[in-house]
Amino acid sequence: MPDAPARWWQPAVLPGPWTPVLLGTIAALLAVHGVVNGLRLGIGDFPGLDSMIRWLDVDGEGGVPAWFSGIVLFLCAQGLWLLADASATGPRGRWAFRERVLAAAFVYLSLDELTQIHEQSIDPLVDAFGFDGVLAFAWVVLAVPLAAAMAVWFVPYLLHLPRAAALLMVLSGVLFVGGAAGVELVGAAIFSAEGFDTLRYTIAVAVEEGLEMLGAVLFLSVVTWLRTTGSPRPTAAGEQARAPQAASAR
């Protein structure tokens, strides 16, 4: 009995046992964020609160959530670089440069997660252009056009990938950018109207960081699959080129 034909969505099964572990870690970090900020908003200041916020708030730098996100983003960079190494010596050589550029971008994102470099642009932009409301966190004015340009540049690369990998990679990007920039606009509007110490701002931050972490884990899973079990499907031209060779071999 012949094997059943593979469906395009079958490779979307995420590889290995670490994906559910990482997803569970995201859920735990968001839950702890909610508890800590619930205590802060409900009880007010008490001994040890500053340390709890410092280490457990998903909106802070240098804490456990930022450390987790930084590691996942760096693993994405590592996976892309190794994928580029494999591409450079094979038929996918023309895609290796794009994979290395994307790897470098993830190294920056990993560093930024721990140091919040992007926030250094907020005050100069606000002072220069008077941004407020949804643009109170003005770094998005620079980041969104750059992200859009990168996305357009990577369209040929995505079209080259197996459909499942391309769709999941796009989904991971939508989740990450939607959290980092899209929900950030909502958080900026809430901050402008109410400040940091409100339930609505706490929820907005949790949604923002949760989407970023989820997008990063999904992207890592796609890159892992491409490196370990997946390979881009051959183009029609490639299939036609191999057909005469196969016929002559027979």
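Residues numbered from 1 in each chain as written. Predicted model: local features only at pLDDT ≥ 70, side-chain atom pairs only at ≥ 80, totals over all residues. Heavy atoms only, no water.

What about the packing of helix α1 (residues 18-42) against helix α2 (residues 49-56)?
At a minimum axis separation of 10 Å, α1 and α2 run at an interaxial angle of 150°. Accordingly, the angle class assigned to the pair α1 and α2 is roughly antiparallel. Relative to α2, α1 is oriented so that their crossing is left-handed. Note on element contacts: α2 touches α1 through Leu-49, Met-52, Ile-53 and Leu-56, opposite Val-32, His-33, Val-36, Asn-37, Leu-39 and Arg-40. (Axes fitted to C-alpha atoms, helices over the stretch in contact; angles between N-to-C directions. Helix = DSSP H or I, 4+ residues; strand = E, 2+ residues; numbered from the N terminus. Parallel < 35°, antiparallel > 145°, perpendicular 65-115°, else oblique. Left-handed = near helix turned anticlockwise from the far one by under 90°. Contact = heavy atoms within 4.5 Å.)

With respect to unusual backbone geometry
Positive phi, close to 55°, is recorded for Gln-116, a residue that is not glycine. In this fold, Gln-116 is placed in the loop between α4 (96-115) and α5 (122-129). Look at Gln-116 and you get buried, because its relative accessible area is 11%. (Buried < 20%, exposed > 50% of the residue type's maximum accessible area, 1.4 Å probe, protein only.)

Side note on the packing of aromatic side chains
Summed over the entire model, instances satisfying the criterion amount to 9 aromatic pairs. Seen in terms of ring centroids, Phe-154 and Tyr-157 are 6.1 Å apart; in terms of plane orientation they differ by 85°. Their pairing is edge-to-face. There is no split in this pair, since Phe-154 and Tyr-157 are both buried. Arranged with centres 4.4 Å apart and planes meeting at 45°, the rings of Phe-191 and Phe-196 form a pair that is tilted. The partly exposed category is assigned to Phe-196, whose relative accessible area is 42%. Grouped by ring-pair contacts, the aromatic residues Trp-95, Phe-97, Trp-153, Phe-154 and Tyr-157 constitute a single cluster. Cation over ring: Arg-54 sits above Trp-55, and NZ or CZ is 4.8 Å from the ring centre. Sitting above the plane of the Trp-81 ring, Arg-100 keeps its charged end 4.5 Å from the centroid. (Phe/Tyr/Trp six-rings, centres within 6.5 Å; stacked < 30°, edge-to-face > 60°. Lys NZ or Arg CZ within 6 Å of the ring centre and 35° of its normal.)

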